[in-house]
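Residues per chain, in single letters:
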Amino acid sequence: SAILSAAVLVACGEEQFCPSAACARRLRRAVRLRARDQFLLQPHRTARPVMHRSLQLLATLGSAAALAPARTSRRRSTVTMGGAGDVKKWFAESGRGDAKPSGGSLGGSGWAQTGKWVADDAQYFVKQTSQSYTSMFAGEAAGLTAMRLASESGGEPSLRIPEVFHAADFEDGKGSFIVMEFLTMGRGGDAETFGRAMARMHLATPDDPEAASGKFGFPVDNTIGATPQPNGWDADWIKFWSEKRMGQQVSLAGDASIDRLWQQLKPRMHEFFDEDEDIKPCILHGDLWSGNIGTAAGAPSVFDPACYYGHHEAEWGMSWCASLGPGFWAGYRELIPEAPKFRMRRPLYEAYHQLNHYNLFGGGYRNAACGCLEQCLGSLD
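Residues numbered from 1 in each chain as written. Predicted model: local features only at pLDDT ≥ 70, side-chain atom pairs only at ≥ 80, totals over all residues. Heavy atoms only, no water.

J.: Can you lay out the environment of Met 318 for me, pointing to particular residues and giving the numbers?
T.: Relative to the assigned elements, Met 318 resides in the loop between β14 (308–310) and α9 (326–335). Overall, the relative accessible area of 0% leaves Met 318 in the buried class. Sequence-wise, Met 318 and Tyr 349 are 31 residues apart; in three dimensions their C-alpha atoms are separated by 8.3 Å. (Helix = DSSP H or I, 4+ residues; strand = E, 2+ residues; numbered from the N terminus. Buried < 20%, exposed > 50% of the residue type's maximum accessible area, 1.4 Å probe, protein only.)

Spelled out as structure tokens, the structure:
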């Protein structure tokens, strides 16, 4: 793939990707978006690994590790929009009238494609995949609903989460689709308002009875990108994170160096938490990077989640790719103060996402994942 020009800014401890105008044009072509498109709920995830690799190439000055070819065994083939008959049938049977696609594709990834549909009463956002409803959209539908309920119950300001109307398999068994509220998406917005809205969602009492009783997990397994994400309930957060998150990704990686570092870290996981620290489950977006953040009618909005109920700090494992500045953190910390071991735990939660990126895209993410694990071990010495 082409190596894009980029600049790395270090501000407030976050790396931010700042493409040149030419680079931005090339990225726009890569994600198959038109300049006139005003709405996007599912950005093409190919943009993310391209940006990340560019940063790695710059940071390592062309190291062999960062230039290593991407692992392709876990990549998905490009999805072709299909199943229009099934989608039209659902609109008709649900009483929404005769619906049809409008404006072509809104983008997609190696595992899903998106588009706007117009019916008699409104506009809708439709996503389709070659995977089954159970493996892909059951988790997304449950996650969006859980975030919307938490946001609406947490007071103002609140996040604007699209409402899910339907999700199902295609009748021929060759994929599935999800229909949700169409939001005209924008960028920008007030950072402090976004921070407070995220904090209110994290502080909301879980709607799920298992989570409300103190357990971590989610009613269904889901995916983070195309990687399976197991969510079986567990009352022990350290055990849940060790087995359902880190252990899962380390196993998928099948890398001796990663496994060695994890085996050293795993028995010391309890040292990242104080004995009297009360870790409560809250709904997490689970994959909060800049491509999944926007505004809708001026309100902050997040979408395309990998939800589960977990420790609120785990939400920031993708903050290295979210450009969350001082305004955001000022708003968030008004409601949720920084815990004493927050900075110590940060690489622990980032390691999960770096491992996932390595499993999805290969390349320099291996070094990044190992770096996080080494940083965790170093903080314990």
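J.: For helix α4 (residues 133–153), give the residues involved together with the corresponding values.
T.: For α4, spanning 21 residues, the distance from its first C-alpha to its last is 28 Å, which sits close to the expected 30 Å at 1.5 Å a residue. In the stretch just after α4, Gly 155 is the one whose phi turns positive, near 90°. (Expected span 1.5 Å × (residues − 1).)

J.: Talk me through the environment of Asp 190; I want residue IDs and the actual numbers.
T.: Mapped onto the elements of the fold, Asp 190 is located in the loop between β8 (185–186) and α5 (191–203). The exposure class assigned to Asp 190 is partly exposed, which follows from its relative accessible area of 47%. Along the sequence, Asp 190 and Gly 298 sit 108 residues apart, while their C-alpha atoms lie 8.7 Å from each other. Reaching out from Asp 190, the side chain makes a polar contact with the backbone nitrogen of Glu 192 at a distance of 3.3 Å. (Polar contact = N/O pair within 3.5 Å; in protein donor to acceptor, adjacent residues only side chain to side chain.)

J.: Tell me about unusual backbone geometry, residues and numbers included.
T.: In the Ramachandran plot, Ala 297 falls in the positive-phi region, its phi being about 55° despite a non-glycine side chain. By the secondary structure assignment, Ala 297 is in the loop between β12 (293–296) and β13 (299–302). Residues other than glycine seldom take positive phi values, yet Ser 323 does so here, at roughly 50°. Tracing the backbone through its elements, the reader meets Ser 323 in the loop between β14 and α9. Overall, Ser 323 belongs to the partly exposed group, its relative accessible area being 39%.

J.: If you had to explain helix α8 (residues 256–265) to someone new, which residues and values would you point to?
T.: Those residues of α8 lying buried are Ile 258, Leu 261, Trp 262 and Leu 265. Buried residues of α8, viewed axially, fall in a sector of 100°; they line one side. Residues of α8 that are buried make contact with α7 (237–253), α10 (342–361) and α11 (365–380). Where α8 begins, the side chain of Asp 255 points an oxygen toward the backbone nitrogen of Ser 257, at a separation of 3.0 Å. (Arc of directions from axis to C-beta. Contact = heavy atoms within 4.5 Å.)

J.: Quick one: what's the story with the nonpolar core, residue by residue and with numbers?
T.: Core analysis: the biggest nonpolar cluster contains 79 residues, and Met 198, Trp 237, Trp 241, Leu 265, Ile 283, Val 302 and Trp 316 have the highest contact counts within it. In terms of residues, this core owes the most to one element, α10, which gives 9 residues. In this view, Met 198 contacts Leu 159, Leu 288, Val 302, Glu 315, Trp 316, Phe 328 and Tyr 332; residues no more than four positions away in its chain are not counted. Counting residues in each nonpolar core, the second largest holds 12 residues, with Trp 90, Trp 117, Ala 168 and Phe 177 among its members. (Core = buried A, V, L, I, M, F, W, Y, C linked by side-chain atoms within 4.5 Å.)

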